[in-house]
Amino acid sequence: MHITFWGVRGFIPVPGAQSVRYGGNTICVGIECDDGTRLALDAGTGLSVWGRKLLGTDLGKGKGEFNLVITHSHYDHVQGFSFFIPALIPGNKIRVFGMDETNLSAEDILESQMTPIFSPMQTLKNFGSIITYPQLSSSGTEPVGSMELSLIDVPHATSRALAVKMKAEGGTVVYAPDVVYENAPSCERLINFYRGADVLIHDSTSTVHYNDILSSDFSNDYHDAVTVAGKAGVKRLFLIHYHQEMTDDNLDSLLEDARTYAREQGYLDLHISLAQEGYTLSL
Ligand SMILES: [Zn+2]
């Protein structure tokens, strides 16, 4: 299983000199298996970058298959889909997964941003590919090629989002962007979902420096990420979904702070990294 970070930002894209090292696209993580299975986690502007790279594959010829999970409908998780070229090419098959319990219909989320008010595409019907919207339940798993996919709903601001678990050759990966820990039972439920993961890709939007901008019930910082990763016994933690005001230098400091906090908490075996646009980790 190969994990590539195509977009690592929350909220809005941040091009420019202060984001050249970690990247400026909004969130999208690519999962690829050796049997050719492809899955995108969220459709921020990073998805359009991956889409252009995929034009050299079967997806460029209208003979490819692609899978996508949209964890929730905020701008930073959906805006890349309009410009994901493989979805425009007739013959391609795109599956967009949602979950029953969240009342989040992936089709409604995508269609609502394709109206002429927001998009030149006007409607999903103008996309040439065959797009389907399988619904999963939180108690079930779905085979996606050689992967086993499962979802869980998580608290996020005034609404809900999803976290995603993928099991495949090489190990287990959990993706948890935009997650807030409301109380101990809610936290325990999610730690159980993360348990046993080889890699946890986790929200790290705010820092102690930005708590005056972002209220703590809106998104969380590295303290939560380190704590849940440590309690769940995951091997490797990637922080992601950075606030737009976090420069590359700020992010260097964030990594140091997170590693220091992990040591202080006794999580000495937890390997912590920052998601960096264009970086691929192979399990
Ligand atoms: Zn977000």
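Scoring rules and cut-offs
- Residues numbered from 1 in each chain as written.
- Predicted model: local features only at pLDDT ≥ 70, side-chain atom pairs only at ≥ 80, totals over all residues.
- Heavy atoms only, no water.
- Donors = N, O, S within 2.8 Å, 3.2 Å for Na, K, Ca; no water.
- Tetrahedral: all angles 85-135°; square planar, octahedral: opposite > 155°, others 65-115°.
- Helix = DSSP H or I, 4+ residues; strand = E, 2+ residues; numbered from the N terminus.
- Buried < 20%, exposed > 50% of the residue type's maximum accessible area, 1.4 Å probe, protein only.
- Expected span 1.5 Å × (residues − 1).
- Arc of directions from axis to C-beta.
- Contact = heavy atoms within 4.5 Å.

Draft legend 1. Structural detail: the coordination of the zinc ion. Protein coordination at the zinc ion: the donors are Asp76 (OD), His77 (NE2), Asp178 (OD) and His241 (NE2), at 2.1 to 2.4 Å from the metal. In this structure, the zinc ion is coordinated by four donor atoms arranged in irregular fashion, with angles at the metal of 87 to 161°. Here the donor residues of the zinc ion share one chain and are spaced in sequence as D-H-x100-D-x62-H. A residue pair is termed long-range when its members are at least 10 positions apart, and Asp178 in the loop between strand 11 (171–176) and helix 3 (184–194) and His241 in the loop between strand 13 (236–240) and helix 5 (248–265) qualify at 63 residues. Both residues of the pair, Asp178 and His241, count as buried.

Draft legend 2. Just helix 5, in detail. Its 18 residues place the ends of helix 5 26 Å apart at the C-alpha level, agreeing with the 26 Å of an ideal helix rising 1.5 Å per residue. The complete set of buried residues in helix 5 reads Asp248, Leu251, Leu254, Leu255, Ala258, Tyr261 and Ala262. Down the axis of helix 5, the buried set is contained in an arc of 130°. They therefore lie on one face. Residues Asp249, Arg263 and Glu264 are exposed on helix 5 and point more than 90 degrees away from its buried face. Those residues of helix 5 hidden inside the fold are in contact with helix 4 (222–232), strand 13 and strand 14 (271–274). Of the residues flanking the end of helix 5, it is Gly266, one or two places downstream, whose phi is positive at about 90°.

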